[in-house]
Each structure stands twice: as C-alpha cells, then as structure tokens.
Amino acid sequence: MITLTVNGMTHSLDVDPTTPLLWVIRENVGLTGTKFGCGIAQCGACTVHLDGAPVRSCVTPVQVADGKQITTIEGIGDGGDLHPVQQAWIDEQVPQCGYCQSGQIMSAIALLESNPEPTDSDIDNAMSGNICRCGTYPRIRRSIKQAADTMTAAALNEKTTAGDQTNG
C-alpha cells in the first residue's frame, strides 16, 4: 500500500511501487492537469512538486513519493484565487497550444520559491528542462518576472501589515 498526499488530500493506493508517479496521479487519483509528454524526463510537461522540489513524474516511481507531499497544477491556487504565476501566464498570454503549460508553471513556481528575484540567466537555467514546442519562451520569461514582482510586493505588504499590527 502506498500513501500519497496530493494537494493536501491523503490517498491510500494499492499500486505497483514502480509505477511512474504521473500515471498514479492521473489514473488513480484522477488529477489530469499533469501531462505526459516524452516519458523520459526531457520535456518537463509532467513536472510536479515533491516536498516542494520539482520532479519529473513520468520517471519518478510512486514508491519515492510514499509519505511525501505532492503538489500538482490543481493544487497551486489559494482557494478560488489563482497563484501569481498563473495570473502572470494569463496576463502575458503565454499558452499557445497549452500542452506544456502545467509543467512550465510548476517549474516557474519552484524557481520563485527558491529565488524570488531571478535574473534572465536564472530563469533560463531553471526553465531549461521544460520544452515549449510553440516557442513561447519570451512570454514565459516575462510572466515569471511579473509573478516575481507580484509575489515580492505581496510579501512586502504582508510585512508592512504585520508591522502595523504590532506597533498599533
């Protein structure tokens, strides 16, 4: 029995421990936002977060995720609100065909969580494992920068608000 916590919900599953995490997420858990692209961890369409780190779920055996926190594209928003990266994707009109976008967004979020003010080089390095066959890379970069600005402004606002409450 494998126990997965996906987007905060626990699932006990009787699956072969060597089954790729991608297929368990899609077929057993029923979340289809994570896509199958190449099956060899080269395109990034299957990117999910495992304990906060981006992983290619097409080559990650489900046993590796047993007992860990998994976040998929379906789990990144805050209730009904979009994640700042999702909003930036819309604002910059990033998707063309859209197939790679869930993996792109998951990699972008992981980048911004580890580096809230990435340079162009940081973005290129972090996103190099995600292929967009439509070539929307300039829009992807702009959206990551927009999301970084939004997230930085929100963090500063939270600090200011917390400071006002402490001093009030």
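Refer to the preceding data block for the structure.
Reference entry: report on the structure contained in this document. Just so it is clear, the structure is predicted and the values come from calculations on it, not from any experiment. (Residues numbered from 1 in each chain as written. Predicted model: local features only at pLDDT ≥ 70, side-chain atom pairs only at ≥ 80, totals over all residues. Heavy atoms only, no water.)

## Notes on the overall build of the chain
For step 1, the next point in the chain: For the chain, the helix and strand inventory stands at six helices and five strands.
For step 2, the next point in the chain: Put simply, the chain runs from its N terminus to its C terminus through helices and strands in the order β-β-α-β-β-α-β-α-α-α-α.
For step 3, the next point in the chain: Over its C-alpha atoms the chain spans a radius of gyration of 17 Å, differing by no more than 12% from the 15 Å that the globule rule assigns to 168 residues.
For step 4, the next point in the chain: Principal-axis analysis of the C-alpha atoms places the extent of the chain at approximately 55 × 40 × 25 Å.
For step 5, the next point in the chain: A total of 168 residues make up the chain; the buried ones form 38% of that total.
For step 6, the next point in the chain: Nonlocal contacts in the chain, meaning residues at least 24 apart in sequence, comprise 58% of its contacts between residues at least 6 apart.
For step 7, the next point in the chain: Taken as a whole, the chain presents about 8700 Å² of accessible surface, with 49% of it coming from carbon and sulfur.
For step 8, the next point in the chain: When the 10 positive and 18 negative side-chain charges of the chain are each reduced to one mean point, those points stand 9 Å apart. (Helix = DSSP H or I, 4+ residues; strand = E, 2+ residues; numbered from the N terminus. Rg over C-alpha atoms; globule rule 2.2 N^0.38 Å. Buried < 20%, exposed > 50% of the residue type's maximum accessible area, 1.4 Å probe, protein only. Contact = heavy atoms within 4.5 Å. Areas by Shrake-Rupley, 256 points an atom, 1.4 Å probe, with all protein chains shown as cover. Lys, Arg positive; Asp, Glu negative; His and termini not counted. Charge placed at Lys NZ, Arg CZ, Asp CG, Glu CD.)

## What to know about the side chain of His 11
For step 1, the next point in the chain: Within the element layout of this structure, His 11 appears in strand β2 (residues 9–13).
For step 2, the next point in the chain: Apart from residues no more than four positions distant in its own chain, His 11 is found in contact with Ile 2, Thr 3, Leu 4, Val 6 and Val 29.

## Some remarks on the pattern of salt bridges
For step 1, the next point in the chain: This structure, assessed with the given rule, holds four salt bridges.
For step 2, the next point in the chain: The partner of Arg 141 in a salt bridge is Asp 120, and the shortest N-O contact between them spans 3.8 Å. Separated by 21 residues along the polypeptide, Arg 141 in helix α6 (residues 137–167) and Asp 120 in helix α5 (residues 120–127) bring together distant segments of the chain.
For step 3, the next point in the chain: Residue Arg 141 is classed as partly exposed on the basis of its relative accessible area, which comes to 28%. (Salt bridge = Lys/Arg side-chain N within 4 Å of Asp/Glu carboxyl O.)

## Some details on the side chain of Gln 86
For step 1, the next point in the chain: Structurally, the position occupied by Gln 86 is in helix α3 (residues 84–91).
For step 2, the next point in the chain: Exposure remark for Gln 86: the relative accessible area of 17% places this residue in the buried category.

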